[in-house]
Amino acid sequence: MRTFVEHQRAVRELLAPLHSSLEAAEGAEVLALDAVSGPHGRVRAHGRVLAHDVIAPGDLPAFANSQMDGYAVASADLAAARPEQPVELPVGRTTAAGDPIRTHARGTASPVMTGAALPHGADAVVPVEAADPPRFRGLGGSAHDVQPGTTARFAHPVAAGTFVRAIGTDVARGAVLLPAGARLGPAQLGTLAAAGITEVAVRRRITVLLLSTGHELRAAGAPLEPGQIHDANTPMLRAALDEAGALVRDTLTPDDPEAVVDALEGSAGLVDLVITTGGVSAGAFEVVRDALAARGVEFVSVAIQPGGPQGLGRVILSPGTAGVPVVTFPGNPVSALVSFELFLRPVLRAFAGLAPDRPRAHLKLAHAVNSPIGKHQVRRGVIDGDGAVEVGAPSSHLLHAYANATVLVHLPVGIDALPAGALVDVWRIDD
Ligand SMILES: Nc1nc2c(c(=O)[nH]1)N[C@H]1C(S)=C(S)[C@@H](COP(=O)(O)OP(=O)(O)OC[C@H]3O[C@@H](n4cnc5c(N)ncnc54)[C@H](O)[C@@H]3O)O[C@H]1N2
Ligand code: MOO
């Protein structure tokens, strides 16, 4: 029997070549930054991971501009300004955001608005409320010039560079704007757009064949005969895979090894990974085991509960190819989802540039618990009003309790009982 950490490592090693292939340049797709597609109008590159470094094509800001509504000045002109002896300057030509770069005459104060180009010859900005009078007079609408003779007084010196957004201070031309592997969220899409970039090369998403097995299974909503149940694993793991950045093809196969092999062979060249649920334990109809044990999948017992029966390997689907990695999970829905959390979620999310780990915490138990001493037990729990963990029952058919849980509670090997108040490791799943 292997530990869950050993199995985590084995799954990671199995998928390492897939990670390398995703990082290889030939896997990249070029997507528009801001085209909307699909029924949800999702920005196309949104959420994807950059395939290569993106280099800043120009400086940002591209021109020195004002950080405040105020007066552009030559700082030397205000060197002698004192509250008891303010410096009075004639008000010069105004620059609004979007206006071309003007020229500042020494010995004047040029009104500039936030984002407006700093006129050549000025080196600092004094916010309008720090001047006297503390607001612009005779400006507004389309008026760019004040009445001749208008002045503004300044009671303090100003250091060169004050409230000036200098060229290239956000990013300099030629610098790495975003590195390969960066995930394109709002700030990343914004900075690409600001740099004038309209399309980017992103890593392709992996495609997973999700194969649920079980003679008793019917699709959600389908009428049930006595003894049949609805397939919970397919929608559950499809959602889990989606949250891990993967695309999913799914298929529900009966308890027939031929059907499993057919489903795999039918997906040759179309999928990067196969995940199966069910058909791996000690029953008379262990379809996944029967279909795949002779084809390179190793079935192992992991010292974990739930999720003990696991399998992994590489199955050759077409001659001359490297084979597709296959990970098999037990059929019990809680076992399948806990298996996904422990063995695949961190790896797949890392592929997709997403945070691999759940937020973790050490919390007190609200009550005593027991656990099988030889297994790492993962229980589902909720955090009570005092911040302590109420731990649910261990059985792996209790999917409803999982759906209402906010934490996964880890009770490591070597623990058979813990008293109320003992500290336990939890992963938060209430995001
Ligand atoms: N004699 C033994 N029996 C069992 C052992 C064992 O060691 N010796 N292990 C138990 C453990 S632990 C688990 S976990 C399960 C694993 O069973 P399988 O992976 O072979 O899964 P199935 O038998 O196909 O199904 C188990 C259970 O889950 C339900 N199921 C399966 N697929 C779905 C689905 N897509 N949606 C909803 N429910 C599903 C299925 O109906 C069964 O109730 O084996 C134990 N037995
Ligand atoms: O390993 Mo099974 O997953 O305990 O129920």
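Residues numbered from 1 in each chain as written. Chains lettered and ligands numbered in written order. Predicted model: local features only at pLDDT ≥ 70, side-chain atom pairs only at ≥ 80, totals over all residues.

1. Some thoughts on the overall build of the protein chain
A tally of helices and strands in the protein chain yields 7 helices and 30 strands. By the compact-globule yardstick of 22 Å for 431 residues, the protein chain is too spread out, its C-alpha radius of gyration being 32 Å. For the protein chain, the spread of C-alpha atoms along the three principal axes comes to 100 × 55 × 40 Å. By the burial criterion, 36% of the 431 residues in the protein chain qualify as buried. (Helix = DSSP H or I, 4+ residues; strand = E, 2+ residues; numbered from the N terminus. Rg over C-alpha atoms; globule rule 2.2 N^0.38 Å. Buried ≥ 20, exposed ≤ 12 C-beta atoms within 10 Å, placed from the backbone.)

2. Quick word on the sheet that holds strand β11 (residues 151-154)
Strand order in the open sheet made by the 3 strands is β7-β11-β10, with antiparallel pairing throughout. Looking at which strands have only one partner, the edges of the open sheet turn out to be β7 (87-90) and β10 (131-132). Where β10 and β11 come together, 2 bridges link them in antiparallel fashion. Across the sheet, the residue bridging to D132 is R153, located in β11. (Pairing = 2+ DSSP bridges.)

3. Topic: the nonpolar core
In terms of nonpolar packing, the biggest core is built from 57 residues, with V208, L237, V274, I275, F340 and V409 touching the most fellow members. At 11 residues, helix α6 (residues 333-351) tops the list of elements feeding residues into this core. The two domains that each donate at least three residues to this core are domain 1 (4-20 + 205-351) and domain 4 (360-428). Apart from the residues lying within four places of it in its own chain, the contact partners of I275 are V208, L210, L237, V327 and F329. (Core = buried A, V, L, I, M, F, W, Y, C linked by C-beta atoms within 7 Å. Domains from an automatic or database assignment. Contact = placed C-beta atoms within 7 Å.)

4. Some remarks on the site of ligand 1
By nearness alone, 25 residues border ligand 1, and N233, G278, S281, P330 and G331 come closest of all. Residues belonging to the shell around ligand 1 are distributed by class as follows: 9 nonpolar, 13 polar and 3 charged. (Near = placed C-beta within 6 Å. Nonpolar A, V, L, I, M, F, W, Y, C, P; charged D, E, K, R; others polar.)

5. Concerning the pairing of strand β15 (residues 207-213)
For β15, the buried fraction is high: 6 of the 7 residues fall into the buried class. Looking at chain direction, β15 and strand β18 (residues 247-253) are connected through 7 bridges and run parallel. Following the sheet pairing, S212 is matched in β18 by L252. Alignment of β15 against strand β19 (residues 273-277), held across 5 bridges, turns out to be parallel. Bridging across to β19, L211 finds its partner in T276.

6. Points about the UniProt feature "domain: MoaB/Mog" (unreviewed entry) in the protein chain
In this structure's numbering, the residues bearing the UniProt feature "domain: MoaB/Mog" (unreviewed entry) are residues 209-350. This span, residues 209-350, is 32% helix and 29% strand, and a straight line between its end C-alpha atoms measures 19 Å. (UniProt positions renumbered as here; feature names shortened; annotations may be inferred.)

7. Notes on the environment of A155
Of note, A155 is situated in the loop between β11 and β12 (164-165). Setting aside residues up to four positions removed in sequence, A155 forms contacts with A81, R82, P83, P86 and D132.

8. Description of the site of ligand 2
Neighbouring ligand 2 are Q305, P306, G307, G308, P309, P330, N332, S335 and S396. Split by residue class, the shell around ligand 2 holds 3 nonpolar, 6 polar and no charged.

9. What to know about helix α3 (residues 233-243)
Along α3, the positions that sit buried rather than exposed are N233, T234, M236, L237, A240 and L241. The buried residues of α3 all sit within an arc of 165° when viewed along its axis, so they share a single face. Set apart from the buried face of α3 by more than 90 degrees, the exposed residues are A239 and D242. Just beyond α3, the residue with positive phi is G245, at close to 85°. (Arc of directions from axis to C-beta.)

10. Focus on unusual backbone geometry
Omega for the bond connecting L60 with P61 falls within 30 degrees of zero, at -10°, which places this linkage in the cis form. Within the secondary structure layout, P61 lies in the loop between β4 (54-55) and β5 (65-66). Put simply, D132 and P133 share a cis peptide bond, and its omega is 5°. Tracing the backbone shows P133 in the loop between β10 and β11. In this model, F163 sits at a positive phi of 55°, which is unusual for a non-glycine residue. You can call F163 buried: it has 21 C-beta atoms within 10 Å.

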